[in-house]
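Architecture at a glance
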Amino acid sequence: MNRRVRRWFFLICACAIFGLFVSAVRQMPTFGHYRGPYGDILNRETVYERHITDVVTAVNFDWRGIDTLGEESILFLSVIGTLVLLRKPSSEVNDSHDENDTADKRKGREIPLPSAATRVATLGLVGPLVVFGLYIVAHGHLTPGGGFQGGVILATAPLLVYLAGDLKSFKRIANHETVQIGEALGLLGFLILGLPGMIRGGAYLRNVLPLGTSGHVFSGGMIAPINVCTGVAVSAGLVAVTYVFLEHTLETRLRGRR
Amino acid sequence: MLVLQATILIFVAITATAVVFTRQPVRQVVGLSFYGIILGLLFFILQAPDVALSQITIGAVALPLMFMLSLAKIRRDAEERKRREESEHRREAA
Amino acid sequence: MSLLPYIVAVWLFLVGLYGIVTSRNFIHLVMCLAILQSSTYVFLLAVGYRIGAGPPVFANVPVGTPAVDPVVQALLLTDIVVEATVVALLLSFAVQVHRNTATLDPEKVVELEG
Amino acid sequence: MNAWLMGADVLLFTLVPCGIAVFRGNAIERLVALEMAGIVQTILLVFLAEAFHRPSTYDLALAMALLTFGGGLVFARFLERWL
């Protein structure tokens, strides 16, 4: 199929999709007039039943917990896929690094270290970022946030260390084996946390911990531990993915420098 | 409130179009980052702070970094291949 | 106004699809896919929205305050984070294709494969 | 309609020049426009959190403020070095 035929085919199909979509939307409740019962029931009952003030987190890790487990395994699998695809082929391991380095220098692309101001500002930001990430994970059931967002923020911290020009420290903080183990443990923790509910004769992921006072950090039963597991899995996954990309891109270039 | 929603929705549509029609990947990554900012704002205006936080954290550092790393990797591969071909060429000529 | 969010959602879908159909570069294609995916975000949030309601967070407000639908938000929130790792997977495919075929153009790759 | 919402309305339109500069203009201009958009968005998030009377959503502005620096650094380093 050549280029022009494909474009015309796309245009015809696009018009058809647009028409069908508009006619479908006209049957739906108009924008701003939500009338499904589920949202209202959840908004009314969650605070009483689960002692959690952020209903979205409650839906994620309690009412719809098994779905989130599925989502997290998608995340896990795509991280594993990336790691497998980008692992070093054995023929390239003994590539002649000297040749690469001279080639870089010849093109005027040797690596200058970032200025001292950038380094100080970036490394100074790492501490607050870690604290903020932990806060977002820990307060997931109270304010907007939770394991997913907090995990991403935590993953950003080692990346900042790399961006400050310190690949060595990045490798020390985010040791590849540790990160992979953390990734696996995060998902495993989620899986295991579902079991006590079954042992007590209920459903998978059923709450077994005391609910506590709503509005306090220690409330909501199982949600806080699941949140922490998710945070570990997400942050480890993102760091692992970035690590393999970095290793592929930078390894030879940085070897000559230090 | 209505003005805010309508404006941000139109912004999202325009920005997405601009990102798609930017054909050069390096330029497009910057555009995509801007699109992420606008999208996060839309989520917040539609009363979804959790989703907006998700979008902000992903769109700020993680996604651009991945795109940039793969672009750098691809460029490096291309250069390496070119160099190898050149040296082979030289060897054949000699 | 009542149709605008839905129109924007389908516009994002079609624009993203157009980008994928006419793409000459795998990296460009992945970014178009990200845009296509964002159409679902806009659509679902538009479905769950209610005029005059607040976010479904009752940290500082009493229970019973009108709030928008939390279910669609929970769907999106995980999806956005998962999307990032899926994008990484797709990018590593693109890197691998470039290494094996020395091109990023989908059509040329098809030609090389035969 | 309160003052914060009106402020947010006005501030939203300051994103238009940022958007134009992000898609046209050279590498440095695009980067600066993106950073500017990040700053505007941080302020916008504060305004909107105040307008909606939800103090718990200030977290978003904080996250944006912390992360936009890292994002700028990503682009600066990669555009400088490789691309």
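Shown above is the structure to which this text applies.
Let me sum up the structure you'll find in this document. (Residues numbered from 1 in each chain as written. Chains lettered and ligands numbered in written order. Predicted model: local features only at pLDDT ≥ 70, side-chain atom pairs only at ≥ 80, totals over all residues. Heavy atoms only, no water.)

1. Focus: the environment of B:Leu9
Mapped onto the elements, B:Leu9 comes out in helix H1 (residues 2-21). Sequence separation of B:Leu9 and B:Val30 is 21 residues, and the distance between their C-alpha atoms is 20 Å. With residues near it in sequence (within four places) discarded, B:Leu9 still touches B:Leu42, C:Leu4, C:Pro5, C:Val8 and C:Val42. (Helix = DSSP H or I, 4+ residues; strand = E, 2+ residues; numbered from the N terminus. Contact = heavy atoms within 4.5 Å.)

2. Looking at the interface of chain A and chain C
In this complex, chain A contributes 55 residues to the contact, which on the side of chain C involves 50 residues. Summed over both sides, the interface between chain A and chain C buries roughly 4800 Å², with carbon and sulfur atoms accounting for 72% of that surface. The largest contributions to the chain A side of the interface with chain C come from A:Phe10, A:Phe31 and A:Tyr34, which together make up 16% of the buried area. Remark: the boundary between chain A and chain C carries three salt bridges. (Buried area = accessible area lost by both parts, 1.4 Å probe. Salt bridge = Lys/Arg side-chain N within 4 Å of Asp/Glu carboxyl O.)

3. Some thoughts on the packing of H1(B) against helix H2 (residues 25-45) of chain B
All names here are of chain B. Axis separation between H1 and H2 bottoms out at 9 Å; the angle between their running directions is 160 degrees. In this view, H1 runs roughly antiparallel relative to H2, as classed from their interaxial angle. The element H1 and its partner H2 pack so that their crossing is left-handed. Residues Leu 4, Gln 5, Ile 8, Leu 9, Phe 11, Val 12, Thr 15, Ala 16, Val 19 and Val 20 of H1 form the contact with H2, whose own contacting residues are Gln 28, Gly 31, Leu 32, Phe 34, Tyr 35, Ile 38, Leu 39, Leu 41, Leu 42 and Ile 45. Taken together, the residues of the contact of H1 with H2 break down into 16 nonpolar, four polar and no charged. (Axes fitted to C-alpha atoms, helices over the stretch in contact; angles between N-to-C directions. Parallel < 35°, antiparallel > 145°, perpendicular 65-115°, else oblique. Left-handed = near helix turned anticlockwise from the far one by under 90°. Nonpolar A, V, L, I, M, F, W, Y, C, P; charged D, E, K, R; others polar.)

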